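Residues per chain, in single letters:
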Amino acid sequence: MCATVSAAVVVDRLVKDYGAARAVDGVSFEVDRGEVFALLGPNGAGKSSIVEILEGHRERTSGTVRVLDTDPATAGSDFRERIGIVLQSSGIDPELTVREAVDFYGAAYRRPAATDELIELVELQDKADSRVSTLSGGQQRRIDLALGLVGDPEVVFLDEPTTGFDPAARRRGWELVERLASQQRAVILTTHYLDEAEALADRVAVLAKGRIVAEGTPAQLRARAGSALISFVLPDHLDTAADLLSPLKGEIVGRQRSVQITTDAPTADLAHLTGWAQQRGLELEGLTVTKPSLEDVYLALVADDADPLHPADAPGQAVEAPDKANNAPLRAGEPSVRADEAPSQTGEAPEKAGESPEQSALDTGDEGDEDADAEDGSDGAS
Ligand SMILES: Nc1ncnc2c1ncn2[C@@H]1O[C@H](COP(=O)(O)OP(=O)(O)OP(=O)(O)O)[C@@H](O)[C@H]1O
Ligand SMILES: [Mg+2]
């Protein structure tokens, strides 16, 4: 019963209001199976709101959303079994050991990944029997990642999944995400690490003030900044480089008075620049020619759009409780933890004890998704 034709995720003119504040303002995109789609944007741009709506954790104001041909707002446990979620902040019961936490969550699924494999996948073998409360921040985040994958999901939502990872762990986390996509899972990722988006994403959407201001492959977005960036430090005795810059597309930025020229004709522009400097007997300090990074483009795109709604200090700002909160205690200000469909993080044992876990498709490369939507409705995940 899997969708075979339509994209795994289809979002059309999605709007989310919190009271009078519009957090998501007409966003549309699609994500295919086997694709990694990254949502980028400043704090408050609306990334988590979108992701939580797609997960069915938050109601939308208007627009159409289909995930695996299902409307998440009205979806039941079958749908929950087919998606995996790593929330921006989660709250696993700190008294559980790593192994217990993975078992506990896995028990809610018909086809849980094998506990040890999952623990190995996020490299917590040495900590398998340690309580979650004793793990470092990055190690706890790795459990979040494991729990997001425990149900062998077809669509994986990763809201800033590698925050707190050390650099080596982050690289290995990337490999894991790549593997998920190669197994034909659709991956929706939010991140503030532009190198992460560049390394992982097939396509990127940059959000600002709840709107997509740019979308494309990382290479397409980079191309918006021209093919090269020439920079150097403006010599002290010069107030301006207007005569130099007039034929070039450049600007002086920062207190270091760095002159930055974006260009599609770096050879010609460099010749002009060095000719200008030689005529004046100047040595151009810090002269470099680089390829613009995704980060350069991103910073230009969102330059005027940081903190769009000023919600924290806007008087009368509505604060919306999670639409489908479970009973788990939330830390102040946190969004919903896992939906009511998942076992509550401190709550009752899942009704359906896990059958003996099948070999996880996570490691084998066996997609094994075709029957993921068994319809007996007898599971206790809800
Ligand atoms: N439960 C809520 N009640 C009221 N306003 C909210 C709620 N959740 C989010 N908002 C507001 O909606 C806007 C978008 O928030 P969202 O969490 O989606 O941003 P984000 O892009 O995920 O940011 P970050 O990068 O900081 O995680 C913000 O202005 C935020 O204050
Ligand atoms: Mg967020």
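Figured I'd write up the structure that's included with this text. Remember, predicted model here, so these are calculated numbers, not experimental data. (Residues numbered from 1 in each chain as written. Chains lettered and ligands numbered in written order. Predicted model: local features only at pLDDT ≥ 70, side-chain atom pairs only at ≥ 80, totals over all residues.)

**Some words on the sheet that holds strand β7 (residues 186-190)**
Strands in a sheet are paired, the pairing made by backbone hydrogen bonds, and the direction either parallel or antiparallel. The six strands lie next to each other as β5-β6-β7-β3-β8-β9, forming an open sheet whose pairing is mixed. The sheet is open, and its two borders are formed by β5 (83-86) and β9 (211-216), each paired with just one other strand. If you compare each strand with its neighbour and ignore which way they point, the axes differ by 15 degrees on average. By the bridge criterion, five bridges tie strand β8 (residues 203-208) to β9 in an arrangement that is antiparallel. By the bridge assignment for β9, A205 is matched with E215. (Pairing = 2+ DSSP bridges. Helix = DSSP H or I, 4+ residues; strand = E, 2+ residues; numbered from the N terminus. Axes fitted to C-alpha atoms, helices over the stretch in contact; angles between N-to-C directions.)

**Points about the pairing of β8**
Within a regular strand, side chains alternate between the sheet's two faces. In terms of burial, β8 is a largely internal element, five of the six residues being buried. For strand β3 (residues 36-40) and β8, the ladder comprises four bridges, and the chain directions are parallel. Its bridge partner lying in β8, L39 is registered against A205. Between β8 and β9, which pair antiparallel in sequence order, lie two residues; one of them, K209, sits at a positive phi of approximately 50 degrees. (Buried ≥ 20, exposed ≤ 12 C-beta atoms within 10 Å, placed from the backbone.)

**Some remarks on the nonpolar core**
Ranked by internal contacts, the top residues of the largest apolar core, which has 74 residues, are A38, A146, V187, I188, L189 and V206. A38 has contacts with L189, T191, A197, L200, A201 and V204, leaving out every residue within four places of it along the chain. I230, V259, I261 and L273 belong to the second-largest nonpolar core, a separate cluster that totals six residues. (Core = buried A, V, L, I, M, F, W, Y, C linked by C-beta atoms within 7 Å. Contact = placed C-beta atoms within 7 Å.)

**As for helix α11 (residues 294-302)**
Taken together, the buried positions of α11 are L294, D296, V297, Y298, L301 and V302. Buried positions along α11 lie against β3, α7 (194-200), β8, β9, α8 (218-223) and β10 (228-233).

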